[in-house]
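So you can see what is in the structure, the chains are spelled out below.
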Amino acid sequence: MQTNYSYPLESDWTPEEVVQVMHLYNLVEQAYEFGAKVEDLNAAYRDFKQVVRSKMIEKQLDKAFTEASGYSIYRCMQTAQKTGRAQIKMTTNN
């Protein structure tokens, strides 16, 4: 994990949309660093998908986020959806 990095954001997003996307980024970071509630991750991902409707753009943002932070949105959400637990704690091996 890098300590200083820029979040991948699109210049045409509104401030509200930036907040929605940042919320997911922050929860994914939290899931890797401390653990996060699956319910919170799922809600943030639903909001994220309201902003990022294109699967191609979603993949590009995830790739940029992973390269910058070392954390994968895709893997985190995959784990959240498959687990039967209320909370997940990601590792870089997930």
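Each remark here, short or long, concerns the structure printed above.
Cut-off values and rules
- Residues numbered from 1 in each chain as written.
- Predicted model: local features only at pLDDT ≥ 70, side-chain atom pairs only at ≥ 80, totals over all residues.
- Heavy atoms only, no water.
- Helix = DSSP H or I, 4+ residues; strand = E, 2+ residues; numbered from the N terminus.
- Expected span 1.5 Å × (residues − 1).
- Buried < 20%, exposed > 50% of the residue type's maximum accessible area, 1.4 Å probe, protein only.
- Contact = heavy atoms within 4.5 Å.
- Salt bridge = Lys/Arg side-chain N within 4 Å of Asp/Glu carboxyl O.
- Arc of directions from axis to C-beta.

The next thing to look at is helix α1 (residues 15–33). Here α1 contains 19 residues, and its C-alpha end-to-end distance of 26 Å stays within 8% of the 27 Å for a straight helix at 1.5 Å per residue. Within α1, burial applies to V21, M22, L24, Y25, L27, V28, E29, A31 and Y32. Buried residues in α1 make contact with β1 (36–37), α2 (38–51), α3 (55–69), α4 (73–82) and β2 (87–88).

Looking now at the pattern of salt bridges. The tally for this structure, following the rule as stated, stands at two salt bridges. The shortest N-O distance in the salt bridge between K49 and E58 comes to 2.6 Å. Note that K55 and E58 form a salt bridge whose closest N and O atoms lie 3.7 Å from each other. Linking K55 with E58, this pair stays in helix α3, spanning three residues, or about one helical turn. Judged by relative accessible area, which is 10%, E58 ranks as buried.

On to α2, then. The end-to-end C-alpha separation of α2 is 20 Å, in line with the 20 Å expected for 14 residues at 1.5 Å each. The set of residues buried in α2 consists of V38, L41, A44, Y45, F48 and V51. One face of α2 carries all of its buried residues, which in axial projection span an arc of 130 degrees. Set apart from the buried face of α2 by more than 90 degrees, the exposed residues are E39 and R46.

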